[in-house]
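Here are the chains, one letter per residue:
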Amino acid sequence: MKFNSVLESIKSYEAGKPIELVVREYGISPDQIVKLASNENPFGCSPRVKEAVCSMIDYMSHYPDDSMIKLKTALASKYGIDPNELIIGSGSDQVIEFAIHAKAHGGSKVLMNSVTFAMYEIYAKQVGAQTIRTSSREHNMEEFYALYLEHKPSVILLCTPNNPTGDAIDAESMLSFIEKIDSDTLVIVDGAYMEYARFKDPSKAVDPQDLISRFDNVIFLGTFSKAYGLGGMRVGYGIARHDIIQSLYKMRPPFNITTLSLEAASVALEDEAFVEECIVENFKEMRRYEFFARSKGIEVIESYTNFITLPLPEEKNSSKIAQELLKKGMIVRDLSSYGLNAIRVTIGTESQNDRFFELVEPLL
Ligand SMILES: *Cc1c(COP(=O)(O)O)cnc(C)c1O
């Protein structure tokens with residue numbers, strides 16, 4: 001059957017290998033498998049969230065509250081914005097989809113970093129838009145500006161901190177870049193890991209309220225999948241001026257967030273102390289990775305996230321190393337499909353990280 005020709009240029013998104021698959025393919029028992037491949041919070045979510053979700057179990061037969069007022073009110077108060085400056089998505093992924101699809105079309109251009117989140121390109125190509133990429137591995141605002149002038153893209157994606165490299169854009173230089181962009185270009189600031197960056201270095205922290213009070217062409221994205229430990233619940237959000245939100249709402253299917261997910265996200269916001277403890281532990285454990293890499297002569301990309309990317313020396317092939325680790329039940333992310341000879345490792349618990357060092361040691 002012949003489908004839309006735009007599909008011919010799209011490669012399906014490759015998610016981190018699920019534990020279930022490794023069980024089946026390698027016959028390893030699930031308790032012997034460590035997954036450090038999808039930037040999940042190794043400590044899970046707040047115990048209060050678990051309790052709240054259990055107490056809602058009888059509401060599974062009800063359609064969700066499609067106004068999402070409880071979650072919107074909680075998010076609005078966290079960020080000092082109005083609830084009508086929010087849109088909630090099934091993961092922030094869905095908000096990226098709404099935004100790119102609402103703005104880009106066949107013939108328009110979408111500008112992004114050379115190495116960045118794979119879904120941006122997929123959503124752009126779905127509407128026949130052309131993707132333009134910078135050449136530096138890290139976001140370089142001068143390069144972005146030169147390409148903006150040359151191509152006049154309809155959408156610009158800034159991923160800070162960036163997945164899969166972990167680096168973050170200096171907030172001031174990002175703001176002065178956005179100041180120079182015409183108001184008909186939509187700038188998407190993907191802050192999936194912003195909680196980590198804000199903790200580690202305030203000069204990397206982007207404040208969504210400040211962003212939307214200054215600019216009428218920007219949307220900030222956040223998610224409950226990373227620091228809040230709710231990847232399986234699929235809740236993310238976009239923050240922008242009300243007129244942008246109104247347009248994006250036209251892209252939204254009804255009831256896109258489940259009853260249990262709405263409850264989980266709302267209650268997660270009541271336990272910021274849990275998130276903070278996880279972030280403290282994350283950066284404490286990250287130091288062990290940095291130490292390990294240096295002792296092996298491996299470059300360290302300074303990370304503002306819950307993962308670390310280790311570029312490997314030429315003679316070590318990242319796909320092979322990821323494969324060898326997989327056979328032993330250790331799932332990490334090979335970045336060869338991003339054009340990097342590198343592996344990306346989510347910072348796990350102390351014992352998960354011990355296991356990683358033990359297994360990777362003989363391979364390097
Ligand atoms: C994980 C991630 C997202 C979205 O995750 P959701 O689970 O869909 O909320 C968005 N952007 C980046 C850069 C990510 O790493």
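What comes next is a walk through the structure.

What counts, and at which threshold
- Residues numbered from 1 in each chain as written.
- Predicted model: local features only at pLDDT ≥ 70, side-chain atom pairs only at ≥ 80, totals over all residues.
- Heavy atoms only, no water.
- Helix = DSSP H or I, 4+ residues; strand = E, 2+ residues; numbered from the N terminus.
- Contact = heavy atoms within 4.5 Å.
- Salt bridge = Lys/Arg side-chain N within 4 Å of Asp/Glu carboxyl O.
- 1 Å grid on protein atoms, 1.4 Å probe; cavity = no way out; pocket = protein on both sides within 12 Å on 5 of 7 lines; lining within 4 Å.
- Points joined across faces, edges and corners; volume = space filled by probe spheres on them.
- Nonpolar A, V, L, I, M, F, W, Y, C, P; charged D, E, K, R; others polar.
- Domains from an automatic or database assignment.

1. Concerning the environment of Arg333
With respect to the helices, strands and loops of the structure, Arg333 is situated in strand β11 (residues 333–334). Taking the C-alpha atoms as reference points, Arg333 and Arg241, separated by 92 residues in sequence, lie 36 Å from one another. Once residues lying within four places of it in the same chain are set aside, the contact partners of Arg333 are Tyr13, Glu14, Ala15, Gly16, Ala37, Tyr338, Ala342, Ile343 and Arg344.

2. Let's talk about the pattern of salt bridges
Two side chains bearing opposite charge may form a pair once their charged atoms approach each other closely. A complete count under the given rule lists 19 salt bridges for this structure. Between Lys125 and Glu121 there is a salt bridge, with the nearest N and O atoms lying 3.0 Å from each other. Remark: Glu121 and Lys125 occur in helix α5 (residues 118–126); sequence separation between them is four residues, near one turn of the helix. Members of the salt-bridge network, linked through shared partners, are Glu121, Lys125 and Arg133.

3. Some thoughts on the layout of surface pockets
Here the largest pocket defines a volume of roughly 550 Å³. Lining of the largest pocket is provided by 27 residues; of these, Tyr13, Ser38, Asp93, Lys226 and Arg234 occupy positions nearest its centre. The greatest single-element share of the lining of the largest pocket, amounting to three residues, is contributed by helix α4 (residues 92–103). Partitioned by chemical class, the residues of the lining of the largest pocket number nine nonpolar, 10 polar and eight charged. Counting contributing residues, the lining of the largest pocket receives three or more from each of domain 1 (5–45 + 273–363) and domain 2 (47–268). Of the volumes computed, that of the second largest pocket is approximately 400 Å³.

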